[in-house]
Structure formats: structure tokens, C-alpha cells
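Here is how the chains run, residue by residue.
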Amino acid sequence: MNFKNKDDEALFKEMTTAPDRSSVIVSTSYLDDKLTKLLKECLKKDENYFRQLFKPTGPLGAMSNKAKLAYLMGLITKEGLEDVLLVADIRNRFAHWAKPLSFRNKDIRDKVESITLMRRFFDVARPVSNLDQWAAPLSESKAKQKFVMFIIFFAQLIESKTIRPSMRKPIGKFDFP
């Protein structure tokens, strides 16, 4: 993968090599940062209100609330919102359950398998690629891989919207320029 900066490259390495709990928390933090940046690009610039709204205990502190606002603003599709809400639920389980948890857990694998963006993209790309590996039920390693790849893919789509505002069609559709 090609990243614009060393920090993103280091984060990707951490997402893919860290234990599952760390991987999920780092990955979702990365996506959360991209959602924050997207929303701030679309809102009137006022650092005082940004701090109030986006602080961890503020109304837009939670990734799920950011995703809901992005959806209501037409920045992401309903499917994209539902995928981010699944990711937020997975993140909350890893962050707040004080018991061992990993991608070996069937409930976690089922939630990852429910993420539709990758399936929708791969269905479009299938005629030109051998992507059948994603159609089979997810093993532990494939669940982690799919989770991280969703985060990277969705974050890159968000990044393209913040860099080029003219591309601000809802994220989740596959009408790439």
C-alpha cells in the first residue's frame, strides 16, 4: 500500500500486526480522525465550537455520531453509515469488554462479515480480479484483514473527499472519477 506520509504507513503496520484488541482500537481511531476531518471541512470554521462539539464527551465525540451527521449531510451513503456503525460496535466491544476477545469470536467475525462496502466493491471489481477469497466464510485472519482493509479503504474514500471537494458525492457508491 502507498501512503502519503510515514505516520499513515506506521499506523497501517500497527493495524495489521498488533494483537486484535490493539488493531481494532488503532484502526477505528484512524477512521474516526478521517470522519472528523471530513466534517470540519464541510462546516463553518470556528475552533471554539469545533472543540466543544468534537471533544470526547461532546455531541460529536463518538465516531457513530460523526458518521450519522456525515450521512445526514449527504457525505456518506446509508450503506456507508451502517458499515461505520458496525465498526463502531466492534470497536466498543474490544474497548469496553474486560474479557479476552479476538477475531476468533464468531460474533465478531459475523459483524465483520456484515460490512457491505467491501462486498459491494468486490462485486463490482470481480470481473477484472480474482476476489473470490472474500466470498467464503471468514476465518480469524481473514476477518482481521477484512476489518483493517475496510478501515483503510473507507478512510481513503473520505480523504479523497476532503482533498477534492468537487468529489463530494456520498461515499459508498462506486462512481469513482
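Bear in mind the structure is a predicted one, so any value in this text is a computation, not a measurement.

J.: When you look at the side chain of K146 in this model, what are you seeing that I'm missing?
T.: As for its placement among the helices and strands, K146 is situated in helix 8 (residues 140-163). It is E113 that comes nearest to the buried, bridge-free K146 among opposite-charge side chains, at 6.4 Å. Looking at K146, its side chain comes within polar contact range of the main-chain oxygen of E113, at 3.4 Å.

J.: Honestly, the packing of aromatic side chains in this entry has me stumped. Any pointers?
T.: Aromatic ring pairs are described here by two measures, namely the spacing of the ring centres and the angle between the planes. Within this structure, the stated rule accounts for 4 aromatic pairs. Between F94 and F103, the aromatic rings sit 5.7 Å apart at their centres with planes inclined by 40°, giving tilted as the arrangement. Among the residues examined, F103 registers a relative accessible area of 0% and is labelled buried. Pairing F103 with F147 gives two aromatic rings, centres 5.8 Å apart and planes at 55°, and the pair type is tilted. Taken together, the positions of F103 in the loop between helix 5 (78-96) and helix 6 (106-113) and F147 in helix 8 put the pair 44 residues apart, joining distant regions of the chain. Over the face of the ring belonging to F54 we find K40, whose NZ or CZ atom lies 5.3 Å from the ring centre.

J.: Help me understand the pattern of salt bridges in this model?
T.: Two side chains of opposite charge can pair, provided their charged atoms sit close to one another. Within this structure, the stated rule accounts for 8 salt bridges. E159 is the partner of K37 in a salt bridge, and the nearest nitrogen-oxygen pair spans 3.2 Å. With K37 in helix 2 (residues 20-42) and E159 in helix 8, this residue pair connects regions lying 122 residues apart in the sequence. Assessed through its relative accessible area of 10%, E159 is described here as buried. D89 is paired through a salt bridge with R93; the nearest N and O atoms lie 3.3 Å apart. Placement of both D89 and R93 in helix 5 is noted, with a separation of 4 residues, approximately one turn of the helix. The class for D89 is partly exposed, based on a relative accessible area of 27%. Since its relative accessible area comes to 18%, R93 is described here as buried. Through salt bridges with shared partners, one network takes in D89, R93, D107 and K111.

Definitions and limits used
Residues numbered from 1 in each chain as written. Predicted model: local features only at pLDDT ≥ 70, side-chain atom pairs only at ≥ 80, totals over all residues. Heavy atoms only, no water. Helix = DSSP H or I, 4+ residues; strand = E, 2+ residues; numbered from the N terminus. Buried < 20%, exposed > 50% of the residue type's maximum accessible area, 1.4 Å probe, protein only. Lys, Arg positive; Asp, Glu negative; His and termini not counted. Salt bridge = Lys/Arg side-chain N within 4 Å of Asp/Glu carboxyl O. Polar contact = N/O pair within 3.5 Å; in protein donor to acceptor, adjacent residues only side chain to side chain. Phe/Tyr/Trp six-rings, centres within 6.5 Å; stacked < 30°, edge-to-face > 60°. Lys NZ or Arg CZ within 6 Å of the ring centre and 35° of its normal.

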